[in-house]
Amino acid sequence: MKILVAVKMVTDPNVKVRALTDGTGPDLASVKMAMNPFDEIAVEEAVRLKEAGLATEIVAVSIGPAKASDTLRTALAMGADRGILIRADQAVEPLAVAKLLRAVADEEAPDLVLTGKQAIDDDSNQTGQMLAALLGWGQATFASRVKLGDGTLEVTREVDGGLQTIGLSLPAVVTADLRLNEPRYASLPNIMKAKKKPIAEKSPADYGVSLEPRLRVIRVEEPPTRQAGIKVGSAAELVQRLHNEAGVL
Amino acid sequence: MIHADDGSLSEEQRLMRDSCRSYIDDVVTPFIRANWQREWDMTPGERLSPEILQGAEQIGVRTLGVPEEFGGIDLDRESEVRTFALISEEIARGDSGLSDKLVQNWKVSILLREFAPKHLQAKWFPRLLEDPQFLLAHCLTEPRGASDRWLPYNVPEASMNTRAVLDGDHWVINGRKQFISNGYDASLYVVYANTNPKVGMLQGTSSFLVPRDTPGFTVTKCNETMGCRFMNNGELVFEDCRIPADHLLVKDQAMGSAGQYFRAGKIIQAAKNLGVGVACFERTADYVQNYVQGGRILIKHQAVAIRLADMATRIEAVRALVERASKAVDENHPDADILCNMAKVYASEEIMKVATHALELHGGNGAMLEFGIEKLFRDAAIFLHMDATVDVSNMKIIKNMFPKTAGKYAGPEE
């Protein structure tokens, strides 16, 4: 059984991102980048399936600039077998990502596609769903537990009302939620070993997919600065201010 | 700024650095902050929880230097010392003692890889890999002195007091070693001893492999230090300690052959020191941007800004020298000896100033044990003396630069 894992390079979750002063987007110059944390969970799940003897090969794919090879190398160090980097220097919208991943899936014929439920940069939460639709495969999004059977899959999903368990037949698309697992660190020996694993470099044109944007960003601005809090003298004053100034009582 | 420039690193180095940083930020720093009292536990074995070393195992930092043929990994040799520097800095950013514990393993593994017979490598490397608590130690310093006594001049009077004599198919070692990193809890030791009292130390010192359970070998105490307390420094005694002849690593020329170890050691020393400086800066930068005094956050007070800028500048200057020196060692440049001593001594003095600023900018909090800044200050102070004092390091620099005058022996004291 073969697993395709899609990983995206995003700004490091610990970094505070600022908007460019001209409002055209976030300021990403010299900002530290890392693998999208939800994709890291997807890679971990794939590696665990392989370690359990349920999967035989893990192919990691990433769409992004040359530097995204770091993200792929991390996936290889965690346990993926080989990588595919589709070079794209501009922002790629979820539909284009899904189309590219469909093309990769057509070529690689995986039994399972794993990816994060969303990327923490644009928080679109669309790629997995669009990909499943394009492929005509079943989908299980927001997975917190994945159980692989014989040609079938049982997935517990985190939904608004609690947990929902669904059954799917393979091939399928699964997107990982936060509680699916705790990803391992890429160990130093495995980082060195990953150096020898192959990464194939492709372009969107190789798959006949256009990256022409369909969405237009009008303006990116920072949320308003929070006002400093105040100390009130008494409970009565607190109630009065909540009533008169905050208007919440 | 403050951290290594990503552009100067290879992809693997970046990934290794990132992996170490995650381990430090997720596991080590929270442990050290929450368990600050454990540093003062007088049962050395109880100080650092075993989980910390097991965590180190998850990222595979305990066994760097073990060759691939024995289950380890080969780093790129042409940038090996730079990689060691990067990783030891990241770990020291979390805890300098932990970093010291681990780097001893790398440094001694390099010696074993270069000088131990294959059958002994095949015996010990797998044991090192298997047991997360397995540590190595390197034993040079003696009660009568270390580099301050014997490195300035290569004459018989300055030789080691620990002697090894061949008796049949065994070497018999007698003597004492002190201030040995990991000495208290290591499982395997590389021990230096005099094997020819008639010549200078550079021609008459041999190195031996000594397993902990060898009869005649005793660990007598754990030295209680002011800093770096999560590494257990030990004192060792050898009384007619018999070592099989094949446990001899380098005969007579051990000091010269170990150059590789000493140079890498100086760089790692400077790099660990840098990690302590970075921790000082990060903690302080955070504090002065949040703590309000006189109606405004500290960083808006000009006197505070001046100190913070001074910290950052010193860290960058140390980093620049460490990078130049580690490159020189990796490339075996003729000035490598001078540069690695410069990096070691400069880092120790500059980071001490950085730590002093950190202490001062934290006000009263800086002096409180539970705040963790005084620990960085103590850890920084240790570096002035570890792996040669500032003065001896300076003397070595000048001896190397002016071998015909400064390096010339003036004769024994009357």
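Cut-off values and rules
- The written sequence of each chain sets the order in which its residues are numbered from 1.
- Labels are handed out in written order, letters beginning with A for the chains and numbers beginning with 1 for the ligands.
- Under the rules for a predicted model, residues below a pLDDT of 70 receive no local features and side-chain atom pairs below 80 are neither given nor counted, while totals for whole chains, interfaces and linings still include all residues.
- Think of the side-chain values as coming from all heavy atoms in the structure, minus any hydrogens and water.
- Helix numbers and strand numbers start at the N terminus; a helix is a DSSP run of H or I with at least 4 residues, a strand a run of E with at least 2.
- Note on method: radius of gyration uses C-alpha positions; expected globular size equals 2.2 Å times residues raised to 0.38.
- All accessibility values rest on the Shrake-Rupley procedure with a 1.4 Å probe; residue burial counts only the protein chains present in the view.
- Note on charges: Lys and Arg go in the positive column, Asp and Glu in the negative column, and His and the chain ends are not counted at all.
- A charged residue contributes its charge at one atom only: NZ of Lys, CZ of Arg, CG of Asp or CD of Glu.
- Remark: exposure states derive from per-residue accessible area (1.4 Å probe, protein chains only) relative to the maximum for the residue type, with buried under 20%, exposed over 50%, and partly exposed in between.
- A contact between two residues is defined here by any heavy atoms of the two lying within 4.5 Å.
- What counts as buried area is the accessible surface, traced by a 1.4 Å probe, that two parts surrender upon association, with contributions from both included.
- For this document, the term salt bridge refers to a Lys or Arg side-chain nitrogen within 4 Å of an Asp or Glu carboxyl oxygen.
- Residues adjacent in sequence count toward polar contacts only when both atoms are side-chain atoms; beyond that, a polar contact is any pair of N or O atoms within 3.5 Å, and within protein one must be able to donate a hydrogen and the other to accept it.
- As a working rule, the residues Ala, Val, Leu, Ile, Met, Phe, Trp, Tyr, Cys and Pro are called nonpolar, Asp, Glu, Lys and Arg charged, and the rest polar, with Gly in that last group.
- An automatic or database domain assignment provides the domain bounds reported here.
- Note: two strands are recorded as paired if DSSP finds a minimum of 2 bridges between them.
- Only the stretch in contact is used when a helix axis is fitted, and all axes are lines through C-alpha atoms; the angle between N-to-C directions ranges over 0 to 180 degrees.

Caption draft 1: The overall build of chain B, seen in detail. Each helix and strand in chain B was counted, giving 15 helices and ten strands. Taken against the 2.2 N^0.38 rule, which gives 22 Å for 414 residues, the C-alpha radius of gyration of chain B at 21 Å falls within 12% of a compact globule. Across its three principal directions, the C-alpha atoms of chain B cover 80 × 50 × 40 Å. Accessible area for chain B stands at about 16,700 Å²; split by element, carbon and sulfur atoms hold 53% of it. For chain B, the distance from the average position of its 46 positive side-chain charges to the average position of its 57 negative side-chain charges is 4 Å.

Caption draft 2: Spatial organisation of the overall build of chain A. When helices and strands are tallied, chain A shows six helices and eleven strands. Taken over the C-alpha atoms alone, chain A extends approximately 65 × 40 × 40 Å along its principal axes. Across the 249 residues of chain A, 45% fall into the buried class. Here the analysis covers contacts within chain A between residues at least 6 apart in sequence; of these, 70% occur between residues at least 24 apart. Surface exposure of chain A reaches about 13,100 Å², of which carbon and sulfur atoms provide 51%. Taking the average place of the 30 positive charges on the side chains of chain A and the average place of its 33 negative ones, the gap between the two points comes to 3 Å.

Caption draft 3: Local environment of the interface of chain A and chain B. Contact residues are listed per partner, giving 14 residues for chain A and 24 residues for chain B. Buried surface at the junction of chain A and chain B, both sides included, amounts to about 1,700 Å², of which 59% is carbon and sulfur. Summed over the three residues of chain A that lose the most area to chain B, namely Y185, L188 and M192 of chain A, the buried surface amounts to 43% of that side. Salt-bridge contacts for E68 of chain B lead to K196 of chain A; the nearest nitrogen and oxygen are separated by 3.6 Å. Here chain A and chain B share nine residue pairs in polar contact (both at pLDDT 80 or more) between them. Class assignment for the residues of the side of chain A that touches chain B results in six nonpolar, three polar and five charged.

Caption draft 4: Representation of the domain arrangement of chain B. Residues and elements named next belong to chain B. Split by domain assignment, chain B resolves into domain 1 (6-134), domain 2 (137-253) and domain 3 (257-401). Taking the mean C-alpha position of each, domain 2 and domain 3 sit 30 Å from one another. Each partner contributes residues to the interface: domain 2 has 16 residues there, and domain 3 has 15 residues. Between domain 2 and domain 3, roughly 1,200 Å² of surface is buried when both sides are summed, and carbon and sulfur atoms account for 68% of that area. On the surface where domain 2 and domain 3 come into contact, there are zero salt bridges. Put simply, domain 2 and domain 3 have three residue pairs in polar contact (both at pLDDT 80 or more) between them. Residue composition of the side of domain 2 that touches domain 3, grouped by class: nine nonpolar, five polar and two charged.

Caption draft 5: Structural detail: the sheet that holds strand 6 (residues 112-116) of chain A. Residues and elements named next belong to chain A. Reading across from one edge, 9-8-7-10-6-1-4-5-11 is the order of the nine strands in this open sheet, with mixed pairing throughout. The open sheet has two free edges, formed respectively by strand 9 (162-169) and strand 11 (199-202), since each of these has just one partner strand. If you compare each strand with its neighbour and ignore which way they point, the axes differ by 35 degrees on average. Relative to strand 4 (residues 57-64), strand 1 (residues 2-6) runs parallel, the two being bridged by five bridges. Note on strand 4: the bridge partner recorded for K2 is E57. Helix 3 (residues 94-108) contacts strand 1, strand 4, strand 5 (82-87) and strand 11 of the sheet and is inclined by roughly 150 degrees relative to strand 4. Running over the sheet, helix 4 (residues 127-135) touches strand 6, strand 7 (138-148) and strand 10 (172-176) and is turned about 180 degrees from strand 10.

Caption draft 6: Unusual backbone geometry, seen in detail. Residues and elements named next belong to chain A. In this model, L170 is joined to P171 through a cis peptide bond whose omega is 0 degrees. With phi around 60 degrees, N125 is a residue other than glycine that occupies positive phi space. On the secondary structure map, N125 appears in the loop between strand 6 and helix 4. Using a relative accessible area of 22% as the deciding quantity, one classes N125 as partly exposed.

Caption draft 7: Spotlight on the pattern of salt bridges. Per the counting criterion, the structure on display carries 53 salt bridges over all chains. We note a salt bridge from K117 of chain A to D177 of chain A, for which the minimum N-O separation is 3.2 Å. Remark: D177 of chain A occurs in the loop between strand 10 and helix 5 (188-194) and K117 of chain A occurs in the loop between strand 6 and helix 4; sequence separation between them is 60 residues. Here the two residues K117 of chain A and D177 of chain A agree in accessibility, since each one is buried. One salt-bridge network, in which partners are shared between bridges, spans D12 and K32 of chain A together with D6, R17 and D18 of chain B.

Caption draft 8: Quick look at the pairing of strand 1 of chain A. All names here are of chain A. Judged by how many residues are buried, strand 1 sits mostly within the fold: five of five residues are covered. The alternating pattern of strand 1 places K2, L4 and A6 on one face and I3 and V5 on the opposite face, and all of these are buried. Here strand 1 runs beside strand 6; their pairing, made up of four bridges, is parallel. If you follow L4 over to strand 6, its bridge partner there is V113.

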